Amino acid sequence: MNVHRDPDMGLEIWTEQTPEWQIERRYRGSKPVFVAQTPPNVYPPASMTVLSFAGLSVPAGKFEVIAAQALGTGLVQFGVDERARAGIIRERKRYGNLSGYEINFPAMVHGTDSDVKVFIGRAEGRGPVLLQLYTLAGKMPHLKEAIRRSWTNIDYWSDDVQR
């Protein structure tokens with residue numbers, strides 16, 4: 001696994017090393033977004049994004065409401081119609097130190113039928129982290145181990161904290 005420490009995001013993000021996923025940084029407004037994609041010769045193709053809200057303080061009692069709103073916004077952004085949104089189940093999940101909620105759903109991504117996984121979680125006293133991954137429809141099970149290895153190791157990090 002490759003370990004990427006991003007001080008602006010306040011995160012340590014793990015990605016596959018064999019084959020090595022392609023990494024880039026994009027911005028949503030002024031907020032950095034970590035993007036990792038499978039190399040062109042890997043099947044199934046997949047794309048993962050990580051977005052940190054490190055500076056956002058969310059009281060524990062309000063996180064569920066904020067998570068539901070964020071996941072609902074994600075469904076709208078992926079073009080999932082209202083009727084389909086009603087049938088999507090929000091599950092409690094834990095990945096490493098992040099505890100939160102996950103949804104899995106089909107969507108059209110860049111003109112291709114896809115499976116999408118979206119998780120929003122946080123550790124106590126830390127800002128939320130949004131994880132998204134999509135791949136071809138029906139192929140999410142092929143990425144189960146890559147998701148486990150990456151998402152269970154994503155953690156908060158900063159230059160002033162020694163591990």
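This text goes with the structure placed above it.
Owing to the predicted nature of the structure, the values given are computational and were not obtained by experimental measurement.

Procedures and definitions
- Sequence order as written defines the numbering, with residues in each chain counted from 1.
- Only residues with pLDDT of 70 or above have their local features reported here, since the model is predicted, and side-chain atom pairs are shown and tallied only from 80 upward, although totals for entire chains, interfaces and linings are computed over all residues.
- The side-chain numbers reported here are obtained from all heavy atoms of the structure, hydrogens and water having been left aside.
- Only centres within 6.5 Å qualify two rings of Phe, Tyr or Trp (six-membered ring in Trp) as a pair; their planes then separate them into stacked at under 30 degrees, edge-to-face at over 60, and tilted for everything else.
- Secondary structure elements are defined from DSSP: runs of H or I of at least 4 residues count as helices, runs of E of at least 2 residues count as strands, and each element is numbered from the N terminus.
- Note on exposure labels: buried denotes an accessible area under 20% of the residue type's maximum, exposed denotes more than 50%, and partly exposed covers the range between, all computed with a 1.4 Å probe on protein chains only.
- As used here, the arc is the angular range of directions from the helix axis to the C-beta atoms.
- Contacts are residue-level and defined by heavy atoms, with any inter-residue pair within 4.5 Å sufficient.
- What counts as a salt bridge is simple: a side-chain nitrogen of Lys or Arg found within 4 Å of a carboxyl oxygen of Asp or Glu.
- Helices are assigned an expected span. That span is 1.5 Å times one less than the residue count.

Participant: Help me get a handle on the packing of aromatic side chains, residues and values and all.
Facilitator: Inspection of every chain in the model, using the stated rule, returns five aromatic pairs. With centroids separated by 6.5 Å and ring planes inclined at 35°, the aromatic side chains of F119 and W151 adopt a geometry described as tilted. Of this pair, F119 sits in strand β8 (residues 112-122) while W151 sits in helix α3 (residues 144-151); the two residues are 32 residues apart in sequence, bridging distant segments of the chain. Look at F119 and you get buried, because its relative accessible area is 0%. The structure contains a cluster of three or more aromatic residues connected by ring pairs, namely Y95, F119 and W151.

Participant: Give a description of α3 that names residues and reports values.
Facilitator: Among the residues making up α3, those that are buried are A146, I147, S150 and W151. Taken around the axis of α3, the buried residues stretch over an arc of 105°, which confines them to a single face. Check the buried side of α3 and you find it contacts β2 (11-15), β5 (46-52), β6 (91-95), β7 (98-109), β8 and β9 (129-136).

Participant: Go over the pattern of salt bridges with me, naming the residues and quoting the values.
Facilitator: Tallied over the entire structure, the rule returns nine salt bridges. R25 is paired through a salt bridge with D8; the nearest N and O atoms lie 3.2 Å apart. Here the residue R25 occupies a position in strand β3 (residues 22-28), and D8 occupies one in the loop between β1 (2-6) and β2, the gap between them amounting to 17 residues. We classify R25 as partly exposed; its relative accessible area is 33%. Taking relative accessible area as the criterion, D8 reaches 57% and is therefore assigned exposed. We note a salt bridge from R149 to E145, for which the minimum N-O separation is 3.8 Å. One end of the pair, R149, and the other, E145, are both in helix α3, four residues apart, so they sit about a helical turn from each other. Of the residues examined, R149 reaches a relative accessible area of 27% and is grouped as partly exposed.

Participant: Explain helix α1 (residues 60-77) residue by residue, including any values.
Facilitator: The end-to-end C-alpha separation of α1 is 26 Å, in line with the 26 Å expected for 18 residues at 1.5 Å each. Burial in α1 covers these residues: F63, A67, L71, G74 and L75. End-on, the buried residues of α1 take up no more than an arc of 105°, which puts them together on one face. The exposed set on the far side of α1, more than 90 degrees from its buried face, consists of G61, K62, V65, Q69 and Q77. Where α1 is buried, its residues contact α2 (82-86), β7 and β8.

Participant: Before we move on, could you go through unusual backbone geometry and cite the residues and values that matter?
Facilitator: In the segment running from T18 into P19, the intervening peptide bond is cis, with an omega of -10°. Residue placement: P19 occurs in the loop between β2 and β3. The residue after Y43, namely P44, is reached through a cis peptide bond having omega 0°. Phi at H110 takes a positive value of approximately 50°, unusual for a residue other than glycine. Summarising the element assignment, H110 is placed in the loop between β7 and β8. Assessed through its relative accessible area of 72%, H110 is described here as exposed.

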